[in-house]
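A structural walkthrough
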Amino acid sequence: MEVARGRRARRAGYTLTEMLVVLVIIGLISAIVVPQTLGQMDRAKVRAARLKMESVAAALEMYSADLAQYPTGAQGLEALMDPPEGMAEWAGPYLSDPALIKDPWGRAIVYAPPATPGDRFSLTSYGADGAPGGEGFKRDIVLQAAR
């Protein structure tokens, strides 16, 4: 009986080789899965930026329908949430969530009002890097209003 117990005790546990093989397999799986997951997160942020910008564009159109003009550059997108001075016809708020005027990276969406009546406004997010230009997920996301 004592001999059988000793054999079982020696067999219990894992060898160093078995542990290393498991660690290598986990490392290989991680090397394949993690980059793909990070790419999905970047794509999701780009989609979220476009959706936010479309919501802001719709709010700008409602603002324009009520006041017959878009907010000026000085008023900015804040005019969609708080009435600008001297705007008695303001029927807002046109956006209820201040987070909508920020892109998924936490930076303000850039609003360029129309230069002349009849022109289009544009909304821009500078992407993941926060700088103009860029490539891939760092490129600018621009939404121009339809006439």
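Reference entry: report on the structure contained in this document. This one's a predicted model, so the numbers in the text were calculated from it and none came from an experiment. (Residues numbered from 1 in each chain as written. Predicted model: local features only at pLDDT ≥ 70, side-chain atom pairs only at ≥ 80, totals over all residues. Heavy atoms only, no water.)

Looking at the overall build of the chain
Each helix and strand in the chain was counted, giving two helices and three strands. Beginning at the N terminus, the succession of helices and strands in the chain can be written as α-α-β-β-β. With the principal axes as the frame, the chain shows a C-alpha extent of 95 × 30 × 20 Å. Scored against the burial criterion, the 147 residues of the chain give a buried share of 24%. If you take every contact in the chain between residues at least 6 apart in sequence, the share linking residues at least 24 apart comes to 42%. (Helix = DSSP H or I, 4+ residues; strand = E, 2+ residues; numbered from the N terminus. Buried < 20%, exposed > 50% of the residue type's maximum accessible area, 1.4 Å probe, protein only. Contact = heavy atoms within 4.5 Å.)

Focus on the environment of Arg-120
Tracing the chain through its elements places Arg-120 in the loop between strand S1 (110-112) and strand S2 (122-125). Residue Arg-120 is classed as partly exposed on the basis of its relative accessible area, which comes to 37%. Once the C-alpha coordinates of Arg-120 and Tyr-70 are considered, the two residues, 50 residues apart in sequence, prove to be 9.7 Å apart. A polar contact is formed between the side chain of Arg-120 and the side chain of Gln-144, at a distance of 3.1 Å. (Polar contact = N/O pair within 3.5 Å; in protein donor to acceptor, adjacent residues only side chain to side chain.)

What to know about the packing of aromatic side chains
Considering all chains together, one arrives at three aromatic pairs under this definition. Between the aromatic rings of Tyr-111 and Phe-121, the centroid separation amounts to 6.3 Å while the plane-to-plane angle is 50°, which identifies the pairing as tilted. Placement of the pair is Tyr-111 in strand S1 and Phe-121 in the loop between S1 and S2, with a sequence separation of 10 residues. Looking at Tyr-111, the relative accessible area reads 12%, which means it is buried. For Phe-121, a relative accessible area of 1% puts it in the buried group. (Phe/Tyr/Trp six-rings, centres within 6.5 Å; stacked < 30°, edge-to-face > 60°.)

Let's talk about helix H2 (residues 16-67)
The terminal C-alpha atoms of H2, which comprises 52 residues, lie 75 Å apart, in line with the 76 Å expected from a rise of 1.5 Å per residue. Within H2 the residues assigned to the buried category are Gly-39, Val-46, Ala-49, Met-53, Val-56, Ala-57, Ala-59, Leu-60, Tyr-63, Ser-64 and Leu-67. In the core, the buried residues of H2 are packed alongside S1, S2 and strand S3 (141-144). In the stretch just after H2, Ala-68 is the one whose phi turns positive, near 60°. (Expected span 1.5 Å × (residues − 1).)

Remarks on unusual backbone geometry
Backbone geometry places Ala-68, a non-glycine residue, at a positive phi of 60°. Of note, Ala-68 is situated in the loop between H2 and S1. Under the relative-accessibility criterion, Ala-68 is labelled exposed at 71%.

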